[in-house]
Each structure stands twice: as C-alpha cells, then as structure tokens.
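Here are the chains, one letter per residue:
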Amino acid sequence: MKYAFRCKTCGRLHAAEHAGENEVPHACCVCGSGVQYGPNFKDIATRLCDPALTPEQRTAIAQEVAAAQNNLVKTYQLDNWEVLADCTPEQLKEYGLVADDVERHIASDPRGFQVPPSGPMETVATDKGPASPPLPKAVFVGAAEGSKAKDRA
Amino acid sequence: MEVVTQRKSARWLLAAARKHADAAAFAVKSYMHHLQNGDGAVLDIRRGERLEQRVRMGPNSVHAFVTHRDGSITNLGLSKNLLTNIGNMVGQGWFGGAIPAGGSGTPSTAVGATSITATGTPWTASNLATPQLGLAGFRVYANAHTTTGKTVYGNIVSNTTSVATIDQWWTDVDGVGTTPTSGDGFIIGAGGISSVRFMALTTNSGAASATDTTLTGEITSNGCGRALATFARGSNPSGGSGTFTLQKAYSVTGTETAIVKMGLFCALTSAGADPMFFETVLNQSATVGNGDTLTVTDTVTFSG
C-alpha cells in the first residue's frame, strides 16, 4: 500500500484516495484533525486584535460569532497534513517508509478524472495519428445471462 | 399476580409456586426467542456443553444524518444493526479470555509497521470463510527499545502460521506508536479485549446477513473510508443493562452515491481481511459530496 499524507497530529499515514477531489484530506480517520467544527476562534481573536477596528466593526464580529454558535461552521486545517512526496528520504525513514511506499496525490473531479487546467483546451498533434482532446468518454457495457451468451462493450 | 389471602396448605402453596415459576420460565424463554429473531443478539459463553455466561448485545440503534455544505441537514433516520456470526465468535473469545492455540509465539523474529513474526509456526492461520479466526480480532502488545518508545499494541487483522498482520502500532492515546524491537517478547490476546470502534461504509445494496464476514464493497476513498469512531458512555446501567455510543463524523472529500450499509470492526484497515462485528443497513441511503459531513451514531445496548 502506498501513502500520500501523514497526519501531523497523530502520525497516521493516509493513502491518496482519502483526499478525493482535494489537495489534502479534510479529516484524519483516527484523530479527526484537519477539520474544525464551530467558530474559528483563532481567526476571530486575530481580527479582534486589530487596533484599527471601529466599535461598529467589533460589534459586527461579535454578532458574527453569536450567529456562528447556532450554525455548523466547518473550517479546514490544511496545515495538519504533511505531503509525503515532498519529504526527504531521512524524514521518510523516520516514518518507517521508503520512497517506493509513497505516492503523490493529484486532486480529481467527482467522476475520477484528473482536473484539466483552466482555459480553453488545446489539441496537440502527436506521432500516433490525429490529435484529439483528452475528453472523458462514456462507455456502455451490456451483459446477457445464458448459455453461449457473450458480453459486449 | 395472584395474592394469597387465605390460609393454604403446603401442597397448595407448592402447586401455586410451580405454576408461577412455569409462567415466568415461559416468559423468559419467549423473550430470548424474540431477541434472537432480529431485535438483538445473545452471546453464549460455554465451557464444553456448560453455559457459563450469557451476554446480550442489542437491539442497537443506528442513526445517520448528512450536514451539507450549505448548512442544511438531511436526517436519514434510525435503523437497527445485526451481530454477525463471525463477530459473535470474536466476542466469545474476548469474554471467555481465549488464549491463541499454540501459544503466543514469543519472542518475535521480525517486526514491521503492520506485522509481527513469531518464533516458529505456532499459530493456526486465519480464514474467515472456514470460519477459522486464528488471531483475528485479538491484540498484540509489545515494546520498543527507545528512550521515547512506549508500550504499543496492534489490532490483529489476519495471520498465517507465523506472521500476524496488524492495522498499525497504537499508543495508549490513539496515536501512531514506535515499531517494537524485533527479538523481544510480546503478548497476544490472553484475555485482552479489542475495541469494536472502527466504522466502515459501503454502497453495496445487499441485505445485511449474519453470515457476512466482511463489508462487501467497503469504501476506501473520498474521506469515507474506515475510521475510528468516538466512544461515549450512554445511560447509566440499570437492571444490568446499559448503552454506549460510537459516533463518526465523516468529512467527505468526494462524491459517494447511495451509501447503504455501515459495519463495525476491531481494526483500522480496509483490506477486507478482518472480521466484521456488527452490520447495519442505514434507514435511508446517503448520497454525499465534497464538503459534506456524514455523521453515523451507533447506540449499543450491553446487558447480562
């Protein structure tokens, strides 16, 4: 099994598929780190420390916090994750891994295809025939039960 | 209940007592029969033919809801779970303090991040299809020769006659522990009870069955893979019966269409090699997307 991420909180190693469509996973399957539910108090405290705030702005922040208490606020803690593909061999050894145990995660869309770069798609000529854009295609598969029946795709 | 208001003969009193005892026995018999027909499960712990202890687990209710990215909530309702036959076998070994046949195999001859190798070939290999549990469902305890190394344990997923595969080396506080030193002693099972606290999901739409040994089509991706559920004590035990809850909030990272079933396991792995303890068909299937949170709560009833 190959691993792509390490939870900095508990040390659990995670495969790339745990992150799904995202650059890093949302939450660790052991300790739950990576996601915080409820108001982000660190962010609120940082904002309240700004001496340039007017009383009205402070009131607005307070009201925002009060409203958040009644709602499920979900904050992703992206810095909880260590990307193993970026680690040195020494670091990997410390985690009981070698380079072959590590894979790099590529964020993908819900259908499992790699997310294409933004902007218009370009067609590129190759030496293997006419150029074609790397569009996903639908494949229909039929099956029949019975003697001498053959699948067709 | 009939109240004795007149002076009665000893023979009459004996007959009356027998009558009430028979009625009570019938009621108990009926109740147990009812329990074994879907609303719960009974663990019988026997020594030979003799029943030593009977523990009831269930009926266990499972609740699920989805919190969507926009803050809206979909309540999936309540359903009840099923203790599998293989889970029953694992539980019997725990409560009865089973010791692995052939001994522990200590000291180790090799130790890895997810395995430990015994001296010789002392164990019976696990095979869920037989079913032969081997060491599956037990824990192995070992130590590391480092200044910071703590005693660690691993939940055994499966084993050959000489190698036990574990989920990981755990510390006492659910962290990842240091891999123990090869050549040192270790302990397997010997009364040690693992925890049924790892929750898994599947989109497989087959009915839950007591004969299931694994969760078919277990999800391993999109943040919906097997995960450690949070334990909490429930109601204070009363009359020998109490409840506790296991809850997991899955932080979803990609689309999963129609999650139908949930399973509880004793190890954090998704290899499909370890025995499933409880299986539940959710009251309503869950379809989730990136950013959603799927919260599943299993309320387990535990009584003697």
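Here the structure is a predicted model, which means the values were calculated and not measured.

Draft legend 1. The arrangement of the overall build of chain B in detail. Secondary structure summary: chain B contains two helices and 17 strands in total. The buried share of chain B, reckoned over its 304 residues, is 40%.

Draft legend 2. Spotlight on the overall build of chain A. Secondary structure assignment for chain A yields three helices and five strands. Each helix and strand of chain A, placed in order from N terminus to C terminus, yields the pattern β-β-β-α-α-β-β-α. Considering only contacts within chain A whose residues lie at least 6 apart along the sequence, 49% involve residues at least 24 apart.

Draft legend 3. Inspection of the interface of chain A and chain B at higher detail. Facing the 21 residues of chain A at the interface are 22 residues of chain B. In the side of chain A that touches chain B, the residues fall into 10 nonpolar, seven polar and four charged.

Draft legend 4. A look at the domain arrangement of chain B. Residue and element names in this part refer to chain B. Domain annotation for chain B reports domain 1 (40–85 + 195–303) and domain 2 (99–190). Between domain 1 and domain 2, the contact holds 11 residues from the first and 11 residues from the second. Tallied by class, the residues present in the side of domain 1 that touches domain 2 amount to seven nonpolar, three polar and one charged.

Draft legend 5. Just the sheet that holds strand β2 (residues 13–14) of chain A, in detail. Residue and element names in this part refer to chain A. Overall, antiparallel pairing links the three strands, which are arranged β2-β1-β5 in an open sheet. One side of each edge strand has no neighbouring strand; the edge strands of this open sheet are β2 and β5 (81–83). Pairing of strand β1 (residues 5–7) with β5, which is carried by three bridges, proceeds in the antiparallel orientation. Bridge assignment links F5 to a residue of β5, and that residue is V83.

Draft legend 6. Structural context of the sheet that holds strand β7 (residues 139–142) of chain B. The strand order β5-β6-β9-β8-β7-β10 (chain B) describes an open sheet built from six strands, whose pairing is antiparallel. Edge positions in the open sheet fall to β5 (110–112) and β10 (187–188) of chain B, since each of these has one partner strand only.

Draft legend 7. Representation of the pairing of strand β11 (residues 198–202) of chain B in the model. Residues and elements named next belong to chain B. Counting buried positions along β11 yields five of five residues, so the element is predominantly enclosed. By the alternation rule, side chains of β11 split into F198, A200 and T202 and M199 and L201, which are all buried. Across two bridges, the pairing between β11 and strand β12 (residues 227–228) is antiparallel. When the sheet's bridge partners are listed, M199 is paired in β12 with A227. Pairing geometry for β11 and strand β15 (residues 256–265), over five bridges, is antiparallel.

So, how was this worked out
Residues numbered from 1 in each chain as written. Chains lettered and ligands numbered in written order. Predicted model: local features only at pLDDT ≥ 70, side-chain atom pairs only at ≥ 80, totals over all residues. Helix = DSSP H or I, 4+ residues; strand = E, 2+ residues; numbered from the N terminus. Buried ≥ 20, exposed ≤ 12 C-beta atoms within 10 Å, placed from the backbone. Contact = placed C-beta atoms within 7 Å. Nonpolar A, V, L, I, M, F, W, Y, C, P; charged D, E, K, R; others polar. Domains from an automatic or database assignment. Pairing = 2+ DSSP bridges.

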